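Observations on the model geometry
The lines below spell out each chain.
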Amino acid sequence: MVEELPSVFLVGPMGAGKTTIGRLLAKQLGRTFVDSDWYVESQTGADIAWIFDKEGEAGFRERETRAIDELTQQPQIVLATGGGAVMAAENREFLKQRGIVIYLNAPVDVQMARTAKDKSRPLLQQPNPRKILQGLYSARDPLYRQVAHIIMPTGHTYPRHMVNQLLQQLNSFCASTSVVSEPEKD
């Protein structure tokens with residue numbers, strides 16, 4: 001199954017566990033793991049907070065789109081995207097057409113618990129981070145669902161258990177799509 005599996009792309013809100021799950025999944029699949037935010041930082045030589053400060057969110061999103069385009073063309077990787085990557089229609093198209101997209105769906109309470117002390121998230125450096133997270137979730141959830149091939153709730157189990165569940169879902173997904181995509185034999 002692993003050889004036939006296209007690249008796997010993880011989407012979801014900040015704090016959903018995309019990096020943690022992505023690393024574990026890549027290890028299980030014997031693939032390279034890439035985090036799109038880290039990729040942007042390595043390409044620019046600056047961290048996300050600095051890019052936001054100097055170029056604003058629009059400047060960061062342009063860099064992110066270039067990164068998503070490049071990364072989604074790499075074969076057999078596991079890619080964790082930034083929470084806002086789905087905001088650009090171009091990114092959604094790259095993700096949906098070039099691999100299997102898994103939406104890690106984390107409720108706002110889970111996001112709050114996981115990001116409460118994280119000072120590296122520019123969008124949360126506000127007086128009311130819960131309100132920010134709720135607004136982002138409301139705006140982005142339909143886009144995550146639009147692009148997803150598989151939706152996996154997070155915050156209810158250990159990461160290794162979740163990866164095992166994902167591997168089962170990927171097997172099922174590949175089995176169901178190969179039946180549909182194989183030409184009929186005469």
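Not measured: the values here are computed from a predicted model.

The rules behind these values
- Residues numbered from 1 in each chain as written.
- Predicted model: local features only at pLDDT ≥ 70, side-chain atom pairs only at ≥ 80, totals over all residues.
- Heavy atoms only, no water.
- UniProt positions renumbered as here; feature names shortened; annotations may be inferred.
- Buried < 20%, exposed > 50% of the residue type's maximum accessible area, 1.4 Å probe, protein only.
- Contact = heavy atoms within 4.5 Å.
- Helix = DSSP H or I, 4+ residues; strand = E, 2+ residues; numbered from the N terminus.
- Core = buried A, V, L, I, M, F, W, Y, C linked by side-chain atoms within 4.5 Å.
- Pairing = 2+ DSSP bridges.
- Axes fitted to C-alpha atoms, helices over the stretch in contact; angles between N-to-C directions.
- Phe/Tyr/Trp six-rings, centres within 6.5 Å; stacked < 30°, edge-to-face > 60°.
- Parallel < 35°, antiparallel > 145°, perpendicular 65-115°, else oblique.
- Nonpolar A, V, L, I, M, F, W, Y, C, P; charged D, E, K, R; others polar.

**Examining the UniProt feature "binding site: Mg(2+)" in the protein chain**
The UniProt entry lists Thr19 under the feature "binding site: Mg(2+)", expressed in the numbering used here. On the basis of relative accessible area, Thr19 is assigned to the partly exposed category, the value being 22%. If sequence neighbours within four positions are ignored, Thr19 has contacts with Phe33, Asp35, Trp38 and Ala80.

**Let's talk about the UniProt feature "binding site: ATP" in the protein chain**
Per the UniProt record, "binding site: ATP" is annotated on Gly15, Ala16, Gly17, Lys18, Thr19, Thr20 and Arg121. Inspection of the secondary structure assignment puts Gly17 in the loop between strand 1 (8–11) and helix 1 (18–29). The buried category is assigned to Gly17, whose relative accessible area is 18%. Within the secondary structure, Thr19 is located in helix 1.

**Topic: the nonpolar core**
For soluble globular proteins, the rule of thumb is that nonpolar side chains tend to be buried together. With 31 residues, the main nonpolar core has Val11, Leu79 and Leu95 as its most contacted residues. No other element matches the 7 residues that helix 3 (residues 48–72) contributes to this core. In this view, Leu79 contacts Val8, Phe9, Leu10, Val34, Asp35, Ser36, Leu71, Thr72 and Leu95; residues no more than four positions away in its chain are not counted. Within the second largest apolar cluster, 25 residues are counted, among which are Leu5, Leu25, Val78 and Val110.

**Concerning the sheet that holds strand 3 (residues 77–80)**
Pairing between sheet strands relies on hydrogen bonds along the backbone, with the strands arranged either parallel or antiparallel. Read across the sheet, 5 strands follow the order 2-3-1-4-5 without closing on themselves; strand pairing throughout is parallel. Each edge of the sheet is formed by a strand with only one pairing partner; in this case those strands are strand 2 (32–35) and strand 5 (150–153). Strand after strand, the sheet turns through a mean of 20° between neighbouring axes, direction not considered. Strand direction decides the pairing type here: strand 1 and strand 3, joined by 3 bridges, are parallel. For Val8, the partnering residue across the bridge sits in strand 3 and is Val78.

**Some details on helix 5 (residues 108–115)**
Helical periodicity: at 3.6 residues per turn, an α-helix aligns residues three or four positions apart in one direction. The complete set of buried residues in helix 5 reads Val108, Val110, Gln111, Met112 and Thr115. Tucked into the core, helix 5 has its buried residues touching helix 6 (129–147).

**Here we look at the packing of aromatic side chains**
A complete count under the given rule lists 3 aromatic pairs for this structure. Taken together, a centroid distance of 5.3 Å and an interplanar angle of 35° make the contact between Phe52 and Phe60 tilted. Looking at Phe60, the relative accessible area reads 2%, which means it is buried. Ring centres of Tyr103 and Tyr144 lie 4.9 Å apart, and the angle between their planes is 35°; this geometry places the pair in the tilted category. One end of the pair, Tyr103, is in strand 4 (residues 100–105); the other, Tyr144, is in helix 6, and 41 residues separate them in sequence. The class for Tyr103 is buried, based on a relative accessible area of 0%. We classify Tyr144 as buried; its relative accessible area is 1%.

**Here's the deal with the pairing of strand 4**
For strand 4, the tally of buried residues reaches 6 of 6 residues, placing the bulk of the element in the interior. What you see with strand 4 is no split at all: Ile100, Ile102 and Leu104 on one side and Val101, Tyr103 and Asn105 on the other are buried throughout. Relative to strand 4, strand 1 runs parallel, the two sharing 4 bridges. Bridged to Phe9 within strand 4 is Val101.

**Topic: the packing of helix 2 (residues 36–44) against helix 3**
Relative orientation of the contacting elements helix 2 and helix 3 amounts to 110°, with a least axis distance of 9 Å. The orientation of helix 2 relative to helix 3 falls into the category roughly perpendicular. For the pair helix 2 and helix 3, contact is made by Ser36, Asp37, Tyr39, Val40, Glu41 and Thr44 and by Ile48, Ile51, Phe60, Arg63, Glu64, Ala67, Ile68, Glu70 and Leu71, respectively. A per-class count over the contact of helix 2 with helix 3 returns 8 nonpolar, 2 polar and 5 charged.

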